[in-house]
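# Overview (structure and organization)
One-letter residues, chain by chain:
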Amino acid sequence: MKQQRFDLIVAGSGAAGLSAAVTAAESGARVAILERAPKDERGGNTRYTESFWRMQSKDEVADDFTQRLAENAGGWLDPEVTKDWTREQSGWPAILKAHPALGPDLIQTWGEQAGPTLRWLESQGVKFDFLPNYFITVSTTRMSPIGGGRAIVEALAARAEEFEDRVSYIYETAAERLIQDETGRIQGIIAKGPSGYISLEAPSVILATGGFQGNAEMMARYCGPAAQWTRPIARGGYYNRGEGVTMGLQAGAAPAGDFGSFHAQPVDPRSGEAEPVVLTYSYGILLNREGKRFTNEAPATVDATYEATSRDILKQSQGMAWAIVDGQIDDVPNWRKAVRSDQPEIIADTLDGLLAKLDIDATEARRTISSFNNACPDPSGFDPIKTDGLAVTKLSPPKTHWSRKLQKPPFRAWPIVCATCFTFGGLKIDSSARVIDHDGHPIPGLYAAGETAGMYFRTYTGSTSVMRGCVFGRIAGAHAARAANQGAA
Ligand SMILES: Cc1cc2nc3c(=O)[nH]c(=O)nc-3n(C[C@H](O)[C@H](O)[C@H](O)COP(=O)(O)OP(=O)(O)OC[C@H]3O[C@@H](n4cnc5c(N)ncnc54)[C@H](O)[C@@H]3O)c2cc1C
């Protein structure tokens, strides 16, 4: 085994790992970056995202940021335990420090540091603006970097490479095992590269290897057997095979976030594009292979509801559904932006003609569409860009908005499956991004950031994950560099 010594080892080089590595190198730390992918695919999920940030300006998070994260902080939280969140953090009992839920300390740090982190990225050459997205109806404000997540990856990777004397960027090498001394303090990491195992020594390790969406065994173990019908939403997710989460848990970390869940998105299974979402169903219906409706296709604006819809699709046979719309979709301005599949829609002049082209129980589908049509209200208040209250209420499930009869040719359909953007289960961290053990203590020298740190439950608060990676990556990098400068982690 080849041995090398550093102040800090960063495992993974997406938004979180690169933010950590560059921040630490800027403070003078000697950093090793381990990256499983080859150089031209570095950056994991971050490389493939448009990277929307839930911001209302370059300095302030969106108005609903704190509320949405707090609403989705856990399952049914026990008020007897979480009441201590209102006390000084130093006085929290161990069970609260190690609790899997997202505490107010993390929400506050995340919100406060989002603006400074965005400004820091600007200083690295990444430009942000309000750019168009694929939602026709929205509930919040979003900014994004020009060039998407890839711009973040390439700017920070280039910056890391500038520190030739301080940063070793090691590709095609996957972190596998933490080295700890008998007190649990981090001593380094063992990783596997093209020529075998290497052992790197450092008093600090930042785990930023993403989630476990690229690991079929972990997906089935934590998210259940239906995981076989999901797939990562883009190529980068296949590199995220869960070692960061596993290494942390094996080192004694408390778990955090919802291990049984993931950020779900509705995509066209025929497409190999990154994130080939299909969101037209809000203006039509969704049918399963048995020809039945199974979910409220438009409970609210599509940006706030597509995840729940995707989860309902996953529960159908073979985890798939058909989105069906009629020619009235042309009343929706620019509706094609809601379809990012590169595959053509299935189209026909008659409903029967369309159903004949789908893998569906056509007799049942005809019956379902007929009863849906009979239940539709007077369409005169139709408003495609606002929730319009045109509801079907007499059917189960109902449809709350944009309900109009499917009657005008041409009729269009898309297959939709549920893709995994990233997994929710990860490691418990504190607001310094230190990994916390089952007794509420930081594991000395161990940090986690990005998807590897578990923070989400229930519904993903959209457009917060890249931001989370950059915010807590920077915090981890700064903390580890300070520890190195002081001679102890
Ligand atoms: C298509 C798409 C659209 C998205 N849209 C948005 C959006 O608009 N807004 C938003 O906030 N989020 C969005 N997300 C989610 C967001 O991009 C990710 O959650 C975030 O970028 C994750 O950053 P990360 O650094 O934690 O992980 P990643 O960016 O996935 O980086 C992890 C890195 O670790 C490497 N790695 C994995 N295992 C190992 C190992 N054992 N050793 C060494 N290296 C390893 C991987 O190769 C990868 O480079 C989207 C994701 C995708 C794919």
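Residues numbered from 1 in each chain as written. Predicted model: local features only at pLDDT ≥ 70, side-chain atom pairs only at ≥ 80, totals over all residues.

### What to know about the domain arrangement of the protein chain
- Entries for the protein chain in the domain assignment read domain 1 (2-261 + 424-486) and domain 2 (267-419).
- The C-alpha centroid of domain 2 is placed 35 Å from the C-alpha centroid of domain 1.
- If you look at the interface, domain 1 gives 18 residues, while domain 2 gives 26 residues.
- Looking at the side of domain 1 that touches domain 2, its residues break down into eleven nonpolar, five polar and two charged. (Domains from an automatic or database assignment. Contact = placed C-beta atoms within 7 Å. Nonpolar A, V, L, I, M, F, W, Y, C, P; charged D, E, K, R; others polar.)

### Comments concerning the environment of Leu314
- Within the secondary structure, Leu314 sits in helix H9 (residues 302-314).
- Residue class for Leu314 comes out buried when judged on the 23 C-beta atoms lying within 10 Å of it.
- The spacing of Leu314 and Gln228 is 86 residues in sequence and 9.8 Å in space, taken between C-alpha atoms.
- Leaving out residues up to four positions away in the same chain, Leu314 has contacts with Ala226, Trp229, Thr230, Ala264, Gly319 and Cys418. (Helix = DSSP H or I, 4+ residues; strand = E, 2+ residues; numbered from the N terminus. Buried ≥ 20, exposed ≤ 12 C-beta atoms within 10 Å, placed from the backbone.)

### Considering the nonpolar core
- In this structure, Leu8, Ile9, Ala21, Val31, Ile206 and Ala449 are the most contacted members of the largest nonpolar core, which totals 145 residues.
- A total of eleven residues in this core trace back to one element, the largest contributor, which is helix H12 (residues 465-486).
- Taken domain by domain, this core gets at least three of its residues from each of domain 1 (2-261 + 424-486) and domain 2 (267-419).
- Setting aside chain neighbours within four positions, we find Ile206 in contact with Leu8, Val10, Ala11, Gly17, Ala20, Tyr447, Ala449, Ala476, Gly477 and Ala480. (Core = buried A, V, L, I, M, F, W, Y, C linked by C-beta atoms within 7 Å.)

### So, the sheet that holds strand S18 (residues 434-436)
- The six strands are arranged S6-S3-S2-S10-S19-S18 in an open sheet whose pairing can be described as mixed. The open sheet terminates on both sides in strands that have one partner only, identified here as strand S6 (167-170) and S18. The average undirected angle you get between the axes of adjacent strands in this sheet is 30 degrees.
- With four bridges joining them, strand S2 (residues 8-11) and strand S3 (residues 31-34) adopt parallel strand pairing. Across the sheet, the residue bridging to Ala11 is Leu34, located in S3. (Pairing = 2+ DSSP bridges. Axes fitted to C-alpha atoms, helices over the stretch in contact; angles between N-to-C directions.)

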